[in-house]
Amino acid sequence: MADDKDVLRDVWFGRIPTCFTLNQDEVTEREAEPYYLLLPRVSYLTLVTDKVKKHFHKVMRAEDVEEMWFEYEGTPLKWHNPIGLLFDFHASNSVLPWSITVHFKNFPDRDLLHCPSNSVIEAHFMSGIKEADALKHKSQVVNDMQKKDHKQLWMGLQNDKFDQFWAINRKLMEYPTEEGGFRYIPFRIYQTTSDRPFIQKLFRPVSPEGSVHTLCDLLKEMYPVALPSDGEPKRYQVVIHGIEPLLETPLQWLSEHLSHPDNFLHICVLPVPSD
Amino acid sequence: MASWKNHVRARLQQRDQTEKLPYLGVFTSLSQLEERFEIRQQFLDDVQSKSLEIGGFEVGRNIRLLQLQLRESEHLEEKLSQTVSDLTTVLYLKEAELQHWQSRVSRYRQEALTLAKGSNTLKATLSEFEFTAECQSKELAALRAEQKALHEALAQALREKEELLQRWLQEKSEEADRLNKHNEIQQRWQRLAKELKKHFHREMRKECVPIVTSSWSGETEAPTSVIQRIKNTTDIHQGRSDHNHVSAVAEV
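The rules behind the values
- Residues numbered from 1 in each chain as written.
- Chains lettered and ligands numbered in written order.
- Predicted model: local features only at pLDDT ≥ 70, side-chain atom pairs only at ≥ 80, totals over all residues.
- Heavy atoms only, no water.
- UniProt positions renumbered as here; feature names shortened; annotations may be inferred.
- Helix = DSSP H or I, 4+ residues; strand = E, 2+ residues; numbered from the N terminus.
- Areas by Shrake-Rupley, 256 points an atom, 1.4 Å probe, with all protein chains shown as cover.
- Buried < 20%, exposed > 50% of the residue type's maximum accessible area, 1.4 Å probe, protein only.
- Contact = heavy atoms within 4.5 Å.
- Phe/Tyr/Trp six-rings, centres within 6.5 Å; stacked < 30°, edge-to-face > 60°.
- Axes fitted to C-alpha atoms, helices over the stretch in contact; angles between N-to-C directions.
- Buried area = accessible area lost by both parts, 1.4 Å probe.
- Salt bridge = Lys/Arg side-chain N within 4 Å of Asp/Glu carboxyl O.
- Polar contact = N/O pair within 3.5 Å; in protein donor to acceptor, adjacent residues only side chain to side chain.
- Arc of directions from axis to C-beta.
- Patch = residues over 30% accessible without salt bridge, like charges linked within 9 Å, V, L, I, M, F, W, Y side chains within 5 Å.
- Lys, Arg positive; Asp, Glu negative; His and termini not counted.
- Charge placed at Lys NZ, Arg CZ, Asp CG, Glu CD.
- Pairing = 2+ DSSP bridges.
- 1 Å grid on protein atoms, 1.4 Å probe; cavity = no way out; pocket = protein on both sides within 12 Å on 5 of 7 lines; lining within 4 Å.
- Points joined across faces, edges and corners; volume = space filled by probe spheres on them.
- Nonpolar A, V, L, I, M, F, W, Y, C, P; charged D, E, K, R; others polar.
- Domains from an automatic or database assignment.

- Chain B goes by Autophagy-related protein 16 in an unreviewed UniProt entry, where it is assigned to Zoarces viviparus.

- An unreviewed UniProt entry annotates chain A as Autophagy protein 5 originating from Zoarces viviparus.
- You can read under Sequence similarities (unreviewed entry) in the UniProt record for chain A the words "Belongs to the ATG5 family."

Have a look at this one:
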């Protein structure tokens, strides 16, 4: 179990070195220096970029500043997805540090949600947790929690406090031993080859015959193309938290250990880089 | 540990070796320096505006430096007190977690004790049942042996009964034969007696006169008594023969 806790720590303390550069079209009083930041993989862009905003505000006039948003190689970055997922999905095979362009104008309303304050992120985060618990325990655990427990989950994420967060989150990871896992696994599969935002369906961690479902079983049912065919070179990478777990990894274990703080298992299916 | 678990751990560490560790030192230093620079900048602005009011270049410079150091110390103190506060929170959390685990351990221990008690009770019940089953199995074996002996005795009794019945039937058959033979003899004897009687009467009629004469002389007694005796005997045999014939038929 100590080793499993190490996995939780490694997941929580995953960092991505990032270089924020102001978009060239922004009007500035003087040249804006890039800003370097180690981004927590499990957090949200708009939650950890106060310093970035402050840094660029220094060189801009107040009247030129609108809502901040981020873009990578022309693609607006959805702040409501965890940072690690954004990186794996858009830039996993790019050179580090990850280069993000910062914008203060022309907010892409069609692509991004507005994020006027941290309370919006909190609401989004809590709704994710509630949705995941509805799948895992028919909402029983999250509904039994007190308001302060909900607050502790959020504060744990906001202040990057692993112990504070896991003191409560472990309740969301419990399940009756005789059932062998959660009711359904909260997961989302993101694919680059489709306009569909993600695949999310009901999937149990244990088959009706009692055998443990693995990552392979999940993909076989949800996205069979992602699985390698016999005798053919691998076409897709299945990435969670920047790594490729073995396909025989039990889904229940993955859900307990490799889920994001919103309790969802965010799985990226990416084409294998050609070079 | 399972290979898939080892794989995940190894890959997470490998990921951090690539993404995190090479940048951690320089990014942290940069961040700290930026923070320090900002604070110093801010403090310096504050101090400069105040020292201008005091006046005197050299004195003002020393005071500025002292004030800067003071503000920096105050800031450090604030940060340290924040760290202490954070650590205290973590401590409380850890204590709460410890209590939670202790309560769970105690609950599981209690459950284990209850289960052990239950197990002991079940074991005792099981051994009682085993003993009862053994006794009942012995009783069953004894009863089976007894039943077998009784079956054998019954078979023997049936055989004997059959034998006796055969013997009785044979005896009855022989008895009936004997009776029939006896009846036949009786019938023959009666027929003969009848013929003898007839014959005697004929003889008597032939010799009637001399006999009557002799009866006068007191010798008539003898022939009368002989005839009477034969008649009586015939009657007796006749009655017995009838009776025996009926009973033999009835018994057969």
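Next comes the rest of the account.
## Structural notes on the overall build of chain B
(1) Moving on: Scanning chain B for helices and strands turns up five helices and zero strands.
(2) Moving on: Its helices and strands taken in sequence order, chain B reads α-α-α-α-α from the N to the C terminus.
(3) Moving on: Total accessible area on chain B is roughly 20200 Å²; 59% of this is exposed by carbon and sulfur atoms.

## Points about the overall build of chain A
(1) Moving on: When helices and strands are tallied, chain A shows nine helices and eight strands.
(2) Moving on: Taking all 275 residues of chain A together, the buried fraction comes to 55%.
(3) Moving on: Expressed as a percentage of contacts within chain A between residues at least 6 apart in sequence, the contacts between residues at least 24 apart total 70%.
(4) Moving on: Looking at chain A as shown, the accessible area adds up to about 12700 Å², and 49% of this sits on carbon and sulfur atoms.

## Section: the packing of aromatic side chains
Residues and elements named next belong to chain A.
(1) Moving on: Overall, the coordinates contain 16 aromatic pairs over all chains when judged by the stated rule.
(2) Moving on: Between the aromatic rings of Trp 12 and Phe 165, the centroid separation amounts to 5.0 Å while the plane-to-plane angle is 35 degrees, which identifies the pairing as tilted. Separated by 153 residues along the polypeptide, Trp 12 in helix 1 (residues 2–12) and Phe 165 in helix 7 (residues 162–172) bring together distant segments of the chain. As far as burial versus exposure is concerned, Trp 12 and Phe 165 are alike and both buried.
(3) Moving on: Among the aromatic side chains, those forming a connected cluster through ring pairs are Trp 12, Phe 13, Phe 162, Phe 165 and Trp 166.

## Some remarks on the UniProt feature "coiled-coil region" (unreviewed entry) in chain B
(1) Moving on: The positions UniProt marks with the feature "coiled-coil region" (unreviewed entry) are residues 140–178 of chain B.
(2) Moving on: Summarising residues 140–178 of chain B: 100% helix, 0% strand, and an end-to-end C-alpha distance of 55 Å.

## Overview of the packing of helix 4 (residues 118–137) of chain A against helix 7 of chain A
(1) Moving on: Two elements in contact, helix 4 of chain A and helix 7 of chain A, have axes separated by 11 Å at closest approach and are oriented at 30 degrees. Residues A:Phe125, A:Ile129, A:Asp133, A:Lys136 and A:His137 of helix 4 of chain A form the contact with helix 7 of chain A, whose own contacting residues are A:Phe165, A:Lys171 and A:Leu172.

## Things to note about the interface of chain B and chain A
(1) Moving on: With 30 residues of chain B in contact, the opposing surface of chain A contributes 42 residues.
(2) Moving on: Among the residues chain B hides against chain A, the three largest losses belong to B:Trp4, B:Glu19 and B:Phe27. Together they make up 22% of the total.
(3) Moving on: Counting every contact that joins chain B to chain A gives nine salt bridges.
(4) Moving on: Along the contact surface separating chain B from chain A lie 13 residue pairs in polar contact (both at pLDDT 80 or more).
(5) Moving on: Among the elements of the structure, helix 1 (3–19), helix 2 (21–54) and helix 3 (57–206) of chain B are those that each provide at least two residues to the side of chain B that touches chain A.
(6) Moving on: Per element, the largest residue contribution to the side of chain B that touches chain A is 13 residues, and it comes from helix 1 of chain B.

## Overview of helix 8 (residues 215–222) of chain A
Residue and element names in this part refer to chain A.
(1) Moving on: Burial in helix 8 covers these residues: Leu 215, Leu 218, Leu 219 and Met 222. For helix 8, the angular spread of buried residues about the axis comes to 95 degrees, placing them on one side.
(2) Moving on: Among the structural elements, strand 6 (187–191), strand 7 (236–239), helix 9 (251–257) and strand 8 (265–271) are those in contact with the buried residues of helix 8.

## Here's the deal with a positive patch on the surface
Residue and element names in this part refer to chain B.
(1) Moving on: A cluster of basic side chains, namely Lys 194, Lys 198, Arg 202 and Arg 205, defines a positive patch on the protein surface.
(2) Moving on: Tracing the chain through its elements places Arg 205 in helix 3.
(3) Moving on: When its relative accessible area of 61% is taken as the criterion, Arg 205 is described as exposed.

## Brief notes about the sheet that holds strand 6 of chain A
Residue and element names in this part refer to chain A.
(1) Moving on: The strand order 6-8-7 describes an open sheet built from three strands, whose pairing is mixed. Each of the sheet's edge strands pairs with one partner strand only, and the pair in question is strand 6 and strand 7. Taken over all neighbouring pairs, the strand axes of this sheet differ in orientation by 20 degrees on average, direction set aside.
(2) Moving on: Relative to strand 8, strand 6 is paired through five bridges, and the arrangement is parallel. The residue of strand 8 that forms the bridge with Phe 187 is Leu 265.
(3) Moving on: Against the sheet, helix 3 (residues 83–91) makes contact with strand 6, strand 7 and strand 8, and its axis sits at roughly 10 degrees relative to strand 8, the strand it touches most.

## Here's the deal with the sheet that holds strand 2 (residues 35–40) of chain A
Residue and element names in this part refer to chain A.
(1) Moving on: Spatially, the five strands line up as an open sheet ordered 2-1-5-3-4, and their pairing is mixed. Single-partner strands in this sheet number two, and they are strand 2 and strand 4 (75–76).
(2) Moving on: Pairing between strand 3 (residues 69–72) and strand 4: two bridges, direction antiparallel. Across the sheet, the residue bridging to Glu 71 is Pro 76, located in strand 4.

## Examining empty space enclosed by the protein
All names here are of chain A.
(1) Moving on: One pass over the full model with this rule turns up three cavities of 30 Å³ or more.
(2) Moving on: Roughly 80 Å³ of volume is contained in the largest cavity.
(3) Moving on: Contributing to the lining of the largest cavity are Leu 8, Val 11, Trp 12, Val 42, Phe 165, Trp 166, Asn 169, His 257, Ser 259, His 260 and Pro 261.
(4) Moving on: Taken together, the elements giving at least two residues each to the lining of the largest cavity come down to helix 1 and helix 7.
(5) Moving on: Tallied by class, the residues present in the lining of the largest cavity amount to seven nonpolar, four polar and no charged.
(6) Moving on: When residues of the lining of the largest cavity are sorted by domain, at least three fall in each of domain 2 (123–174) and domain 3 (177–275).

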